[in-house]
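# Architecture at a glance
Below, each chain spelled out in residue letters.
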Amino acid sequence: MRTIRTIEALRQELRAARMDGRTIGLVPTMGAFHKGHVSLMERARAETDVVVVSLFVNPTQFGPSEDLAAYPRDEARDAAIAEQAGVDVLFAPPVEEVYPDGFQTTVSVVGGALVNSLEGAQRPGHFDGVATVVTKLLNMVQPNVAFFGQKDAQQALIVRRVVRDLDIPTRIAVCPIVREPDGLAMSSRNAYLPTSDRERAVALRRALDAAEQAVAAGERSAAAVAVAARGAMEPYGVEPEYLALVAADTLAPVDRIEQEVLVALAARVGPARLIDNTILSTNGRP
Ligand code: AMP
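Let me sum up the structure you'll find in this document. Note that the structure is a prediction, hence the values are computed from the model and not measured.

### A word on the sheet that holds strand β9 (residues 272-280)
Here we have three strands laid out as an open sheet, ordered β7-β8-β9, and antiparallel in their pairing. Both outer strands of the open sheet, β7 (240-247) and β9, are each paired with one neighbouring strand and no more. The sheet shows a mean angle of 10° between the axes of neighbouring strands, direction not considered. With nine bridges joining them, strand β8 (residues 261-269) and β9 adopt antiparallel strand pairing. Note on β9: the bridge partner recorded for Ala 266 is Ile 275.

Here it is, written out as structure tokens:
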């Protein structure tokens, strides 16, 4: 595996592969690798010939009061994990390489629930930062396929929107959420959780379980499913920042569980802000 820090060296490295007709896969990350990241790398390894993982803690997607400075960084550990997963290129540019002096362009998905709901409502500017850096990474690497996690469901939808709207010739693959044995979704931010909060963090998965069980038992009212989900968090003393039932493709709120419905939630557990989601489906049953 080669670690590359400049766009020019990256292009040079990928030129031969492209000329030979080998396919390129990109896994964009902010590092602090866990099994969720590894699952994306393995999927890229299986589906494309040359696997590039970008490691860049993107400052423009953090709000002024968010955890940019504290975000866990350990490149040596990440490089070892990526190498083990069969990654060919670790692209780890410094901030000045991505945002040189004079940088003044933003890619912004405008309007609608897709960007204004859920994380978009809680984290102003976040998705502008995401859309801009992902567009830049797709232009730098020009991959055939880019791999994202369903863990960040809204991000994956926004990336698909950008790629369609800007005619970027990359297929977007969205991979399932990888969880700890107790159900907590893997996240770099789980590292912030002290033991007592780590135990309470399972509340998010329990809310999603309750939503799934309510629908399996025949409940079709979104409000009733939301009540069941919130109720499952109470014993853990965890309050959702939001818990929403929305159309899985547009993120518009729904009243009934008919098509595929995304249950998305965010909650603060001690020092960490965690997100999780699941897709509810009635499997054709009324
Ligand atoms: P991050 O480093 O947190 O920006 O995440 C990089 C990529 O990994 C994003 O596409 C995430 O959605 C994905 N990811 C993060 N956590 C998980 C997880 N638990 N399971 C699957 N994918 C994940």
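Now that the structure has been shown, the text picks up again.
### Focus: the packing of aromatic side chains
Counted according to the given criterion, the structure contains three aromatic pairs. With a centroid separation of 5.7 Å and 80° between ring planes, the pair formed by Phe 62 and Tyr 71 is classed as edge-to-face. Residue Phe 62 shares its accessibility class with Tyr 71, and that shared class is buried. Aromatic side chains Tyr 99 and Phe 103 sit 5.0 Å apart centroid to centroid with 85° between the ring planes, which places their arrangement in the edge-to-face category.

### Section: the packing of helix α1 (residues 7-19) against helix α7 (residues 126-141)
The N-to-C vectors of α1 and α7 enclose an angle of 50°; their axes lie 9 Å apart at closest approach. When the axis of α1 is compared with that of α7, the two are oblique. Residues Ile 7, Leu 10, Arg 11, Leu 14 and Arg 18 of α1 touch α7, and the partners they reach there are Asn 139, Met 140 and Val 141. Looking at side-chain class alone, the contact of α1 with α7 contains five nonpolar, one polar and two charged residues.

### Quick notes on the packing of α7 against helix α8 (residues 153-165)
At a minimum axis separation of 10 Å, α7 and α8 run at an interaxial angle of 55°. By the angle class used here, α7 and α8 are oblique. For the pair α7 and α8, the sense of crossing is right-handed. Of the residues in α8, those in contact with Phe 127, Val 130, Ala 131, Val 134, Thr 135 and Leu 138 of α7 are Gln 154, Gln 155, Ile 158, Val 159, Val 162 and Val 163. When grouped by side-chain class, the residues that make up the contact of α7 with α8 number nine nonpolar, three polar and no charged.

### What to know about the site of the ligand
What surrounds the ligand is a group of 17 residues, the closest being His 37, Gly 149, Asp 152, Val 178 and Met 186. Within the contact set of the ligand, an oxygen atom lies 2.9 Å away from a backbone nitrogen or oxygen of Gly 149. A total of 480 Å² of accessible area belongs to the ligand in isolation, and the protein chains cover 93% of it. Within the residue set of the shell around the ligand, elements represented by two or more residues are β2 (24-29), α2 (35-47) and β5 (145-149).

### Some points on the sheet that holds strand β6 (residues 171-175)
Read from one edge to the other, the open sheet built from six strands follows the order β1-β4-β3-β2-β5-β6, with strand pairing classed as parallel. The open sheet is flanked by β1 (2-4) and β6, the only strands paired with a single partner. Here the average twist between neighbouring strands, direction ignored, is 25°. Pairing geometry for β2 and β5, over two bridges, is parallel. By the bridge assignment for β5, Gly 25 is matched with Val 145. Each of β2, β3 (50-55), β4 (89-91) and β5 touches α7; the most contacted strand, β2, lies at about 150° to it. Packing of α8 onto the sheet brings it into contact with β5 and β6, and relative to β6 it is tilted by some 170°.

### What about the pattern of salt bridges?
Scanning the model with the defined rule gives 20 salt bridges in all. A salt bridge links Glu 75 to Arg 5, with the shortest nitrogen-to-oxygen separation between them at 2.7 Å. Taken together, the residues span a long stretch of sequence, with Glu 75 in helix α3 (residues 75-84) and Arg 5 in the loop between β1 and α1 at a distance of 70 residues. Owing to a relative accessible area of 37%, Arg 5 belongs among the partly exposed residues under this scheme. With its nearest N and O atoms 2.8 Å apart, the salt bridge here joins Asp 276 to Arg 179. Of this pair, Asp 276 sits in strand β9 while Arg 179 is found in the loop between β6 and α9 (195-200), placing the two residues 97 residues apart along the sequence. On the accessibility criterion, Arg 179 (22% relative accessible area) is partly exposed. Counted as one network, the salt bridges with shared partners bring together Glu 66, Glu 119, Arg 123, Glu 241, Arg 268 and Arg 273.

Cut-offs used in this document
Positions within a chain are numbered from 1, following the residues in the order the chain's sequence is written. It should be noted that, the model being predicted, local features are given only for residues of pLDDT at least 70 and side-chain atom pairs only at 80 or more, the latter also being counted only at that level, while totals for whole chains, interfaces and linings use all residues. Neither water nor hydrogens contribute to the side-chain values; these are computed over all heavy atoms in the structure. DSSP calls a pair of strands paired once it identifies at least 2 bridges connecting them. Strands here mean DSSP runs of E at least two residues long; helices mean DSSP runs of H or I at least four residues long; both are numbered from the N terminus. Note on geometry: axes are C-alpha line fits, over the in-contact stretch for helices, and angles between N-to-C directions span 0 to 180 degrees. Pairing of aromatic side chains here covers Phe, Tyr and the six-membered ring of Trp, requires ring centres within 6.5 Å, and sorts the geometry by plane angle: under 30 degrees stacked, over 60 edge-to-face, intermediate tilted. For every residue, the accessible area obtained with a 1.4 Å probe (protein chains only) is divided by the maximum for its type, and the residue is called buried under 20%, exposed over 50%, and partly exposed between those limits. Should an angle fall under 35 degrees it is called roughly parallel, over 145 degrees roughly antiparallel, and 65 to 115 degrees roughly perpendicular, with every other angle called oblique. Throughout, a contact is declared for two residues whenever any of their heavy atoms are within 4.5 Å. Ten residues, namely Ala, Val, Leu, Ile, Met, Phe, Trp, Tyr, Cys and Pro, are considered nonpolar, four, namely Asp, Glu, Lys and Arg, are considered charged, and the remaining ones, Gly among them, are considered polar. Helix crossings fall into two classes, left-handed where the near helix is turned counterclockwise from the far one by less than a right angle and right-handed where it is turned clockwise. The near set for a molecule or strand comprises every residue that places at least one heavy atom within 4 Å of it. Here a polar contact is recorded for every N or O atom pair within 3.5 Å, except that within protein the pair must consist of a potential hydrogen donor and a potential acceptor, and residues adjacent in sequence are included only if both atoms are side-chain atoms. Shrake-Rupley sampling with a 1.4 Å probe provides the accessible areas, and residues are treated as covered by the protein chains on show and by no other component. Salt bridge, as used here: a side-chain nitrogen of Lys or Arg that lies within 4 Å of a carboxyl oxygen of Asp or Glu.

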